[in-house]
Amino acid sequence: MSTYTSNNILNAVAAAAKTLDERKEEVNRLNVFPVPDGDTGTNMSLTIQSVVGNVANLAIGASAHEVRKAITTGALMGARGNSGVITSQILRGLCEGSQGYDVFDTASVSAAFAKAVEVAFQAVRKPVEGTILTVLRDVAAAARNAEEEGLSTEEALDAIVAEAYASVQRTPDLLPVLKEHGVVDAGGFGLAIIFDAFTAALLGRAGTMVDELSFGRASHPKVEIEQVNDWEGSQYRYCNEFLVDSDTLDREEALNFLSTMGDCELCVGDVPKFKVHVHSDHPDQVLAYFLERGQVSEVFIHNMQMQSVERTEKLAAEEEAQRKPLGFVAVAAGEGNAAILKSLGVDVVVSGGQTMNPSTKDLLDAIGSVNADAVIVLPNNSNIIMAANSAAELAEVSCAVVPTKSVPQAFSALFSVDQDASLETNVEEMAEAAAAVKTGEVTWATRDSKDAEGNPIVEGDVIGIADGSIEAVDDSIDGAVLKLLAKMDAEDADTCTLLAGEGYGDEDLEALVTEIEAVYEDLEVDAQRGEQPLYPIVFSVE
């Protein structure tokens, strides 16, 4: 039997928090109620992140009791919304149920979940079937069965995760509003993700049991939310939640009072710290009641009607963002360059360049975020091409790389895009357009060196680089640009695009344009703000 230390378990909790944070929007999309009490995924994520932060402050070698206290306190203090408060009570129950067990095994897991069900259901006055509580109860039953069948700890954890997802899939059969909108319960799904990620981390697996469920995919039909006045949860405007420090607060009396103020009332915790949640039109009266009985802190009052309007607009915007046949990812440094690339059709601009090369994962994540059937990556730097190729190979959608070595090359490549053509045809046409662009870069020498012809370069000299070769040296930026243009046969070119870097002023840029036009009368000069660091001027001729 494997032995799991307290450190193993806490690291797995942290991994679960990270996974839920990464997938919170997936959970948020499942919210179906007309007046959303915040977003379920976000609230659950904030709650468990608070746990991780609180545990991280423990001294090395903290006792099991101190660890349990840190988890329950962190969950209580960080709980947001109904889903967050219920999550905090589940964690509290898991900690209380595991007391008295010296090892993390099937028996202790079963006991922990049994207590979690007891604590969580006590916290909710009117439990509803088909919600996070149903999933918790089903998981506890799976844990109990695993103990009775004599399963190993690893087998028990796998059974728990499998039952969590199975229970989530059954929620629409128990809660009509879920079936009506074609989704599963958001809180239950969030809980399943937590259990799945925790188990994967504890058992040392590279991935979770269910990486992405069909009902949670971004391509799933979005929920339409209407502003209604007759739904039982929409009659109150404000969501009120706060902490109360009190040695005298009677939790049952407090709940009775809250029920007269509104609905979705929760008062959890123990003397001296409580978490309060209620939907009410009178937050002033709610706060006054608890101020008479203790000290109030961490007050959050949300206007749920405004939240509903904002969420409706957000979902509508997502609906309008139709999937495209072809999308683009580009790498660039500088807000100006990024803005130009996006105006030319780039979906995601990954920040990076000469001194900050993005990783394969950075590029892969960017590719995955594009809502398109196929994606083309423009690395815009020779040092990034290899990572871009690796990301393209790993991408789940059709993906290819146009090996651009500069942002100006990407501009020309994007001008040649034909959305009606195939991926292969576009790659070919874009690569051909990029290859016709000559790029010049002007910066300062960081050490003594020599140019392409062997002439000396002193640290601090202004140098001009043409396609990777130092072809010009001068004591001024303008001088280096003009020398470099001559080396690049600008007299034979039609256009010159200038990108001004950060710190290179507009007046200086205008003066440079005037100088270039005086020397090359037939050259069309287009000056833009690229705002790239380290290179005051990047330009292209074609």
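Going along each chain's sequence as written, the residues are numbered from 1 onward. Where totals are concerned, whole chains, interfaces and linings use all residues; where local detail is concerned, this predicted model gives features only for residues with pLDDT of at least 70, and gives and counts side-chain atom pairs only at 80 or more. Side-chain descriptors were evaluated using all non-hydrogen atoms of the structure, hydrogens and water having been removed beforehand.

A.B. asks: Please give an account of the overall build of the chain that cites residues and values.
C.D. replies: The way it works is that DSSP assigns letters per residue, a run of H or I at least four long becomes a helix, a run of E at least two long becomes a strand, and they are numbered from the N terminus. Across its full length, the chain holds 19 helices and 16 strands. Note on areas: Shrake-Rupley, 1.4 Å probe, and residue coverage restricted to the protein chains presented here. Within the structure as shown, the chain displays about 25,300 Å² of accessible surface, and the carbon and sulfur contribution to it stands at 49%.

A.B. asks: Account for the sheet that holds strand β3 (residues 273-280), with residues named and values stated.
C.D. replies: Strands are treated as partners if at least two bridges between them are detected by DSSP. With respect to topology, four strands assemble into an open sheet ordered β2-β3-β1-β4, the strand pairing being antiparallel. Each end of this open sheet is capped by a strand with a single partner; those strands are β2 (262-270) and β4 (295-303). Averaged over neighbouring strand pairs, the angle between their axes works out to 10° when direction is ignored. We call two residues in contact when some of their heavy atoms are within 4.5 Å. Between the N-to-C directions of two axes lies an angle of 0 to 180 degrees, each axis being a line fitted to C-alpha atoms and, for a helix, fitted only over the stretch in contact. On the sheet, helix α3 (residues 64-78) packs against β1 (238-245), β2 and β3 and is oriented at approximately 30° with respect to β3.

A.B. asks: Run through the pairing of strand β7 (residues 372-378), naming residues and quoting values.
C.D. replies: Exposure categories follow from relative accessible area, calculated using a 1.4 Å probe and restricted to protein chains: below 20% of the type maximum is buried, above 50% is exposed, and the middle band is partly exposed. Extensive coverage of β7 is indicated by the burial of six of its seven residues. Where strand β5 (residues 324-332) meets β7, six bridges bridge the pair, whose relative direction is parallel. Bridge pairing links L326 to A374 in β7. Note: β7 against strand β8 (residues 398-401), four bridges, orientation parallel. The partner of A374 across the bridge, within β8, is S398. In this region the chain leaves β7, passes through helix α15 (residues 385-394) and returns to the parallel neighbour β8; the handedness of that crossover is right-handed. Every crossover in which the path from the first strand over the helix to the second runs clockwise, viewed with the strands pointing away from the viewer, is termed right-handed.

A.B. asks: Residue-level account of the pattern of salt bridges, with values.
C.D. replies: For this document, the term salt bridge refers to a Lys or Arg side-chain nitrogen within 4 Å of an Asp or Glu carboxyl oxygen. Considering all chains together, one arrives at 22 salt bridges under this definition. A salt bridge links R23 to E26; the nearest nitrogen and oxygen atoms lie 2.9 Å apart. Residue R23 and its partner E26 are both found in helix α1 (residues 6-28); the two are separated by three residues, about one turn of the helix. In this structure, R323 engages D373 in a salt bridge whose closest nitrogen and oxygen atoms are separated by 2.8 Å. Separated by 50 residues along the polypeptide, R323 in the loop between α12 (304-320) and β5 and D373 in strand β7 bring together distant segments of the chain. On the basis of relative accessible area, R323 is assigned to the partly exposed category, the value being 45%. Salt bridges sharing partners connect three or more residues here, namely R92, E96, R251 and D270.

A.B. asks: I'd like a rundown of the packing of α3 against helix α4 (residues 81-97), residues and numbers included.
C.D. replies: With their axes 8 Å apart at the nearest point, α3 and α4 run at an angle of 170° to one another. The angle between α3 and α4 falls in the class roughly antiparallel. Mapping the contact onto sequence places R68, I71, T72, A75 and L76 in α3 and S88, Q89, L91, R92 and C95 in α4. Amino acids outside the nonpolar list (Ala, Val, Leu, Ile, Met, Phe, Trp, Tyr, Cys, Pro) and the charged list (Asp, Glu, Lys, Arg) are all regarded as polar, and Gly is one of them. Classifying every residue of the contact of α3 with α4 gives five nonpolar, three polar and two charged. Here the angle decides the label: under 35 degrees means roughly parallel, over 145 means roughly antiparallel, 65 to 115 means roughly perpendicular, and every other value means oblique.

A.B. asks: I'd love a proper account of unusual backbone geometry, names of residues and values included.
C.D. replies: In the segment running from V271 into P272, the intervening peptide bond is cis, with an omega of 10°. Here P272 lies in the loop between β2 and β3. Look at N380: it is not a glycine, yet its phi comes out positive at around 60°. Within the element layout of this structure, N380 appears in the loop between β7 and α15. You can call N380 buried: its relative accessible area is 6%. Backbone geometry places E531, a non-glycine residue, at a positive phi of 60°. For E531, the location among the structural elements is in the loop between β15 (524-529) and β16 (537-541).

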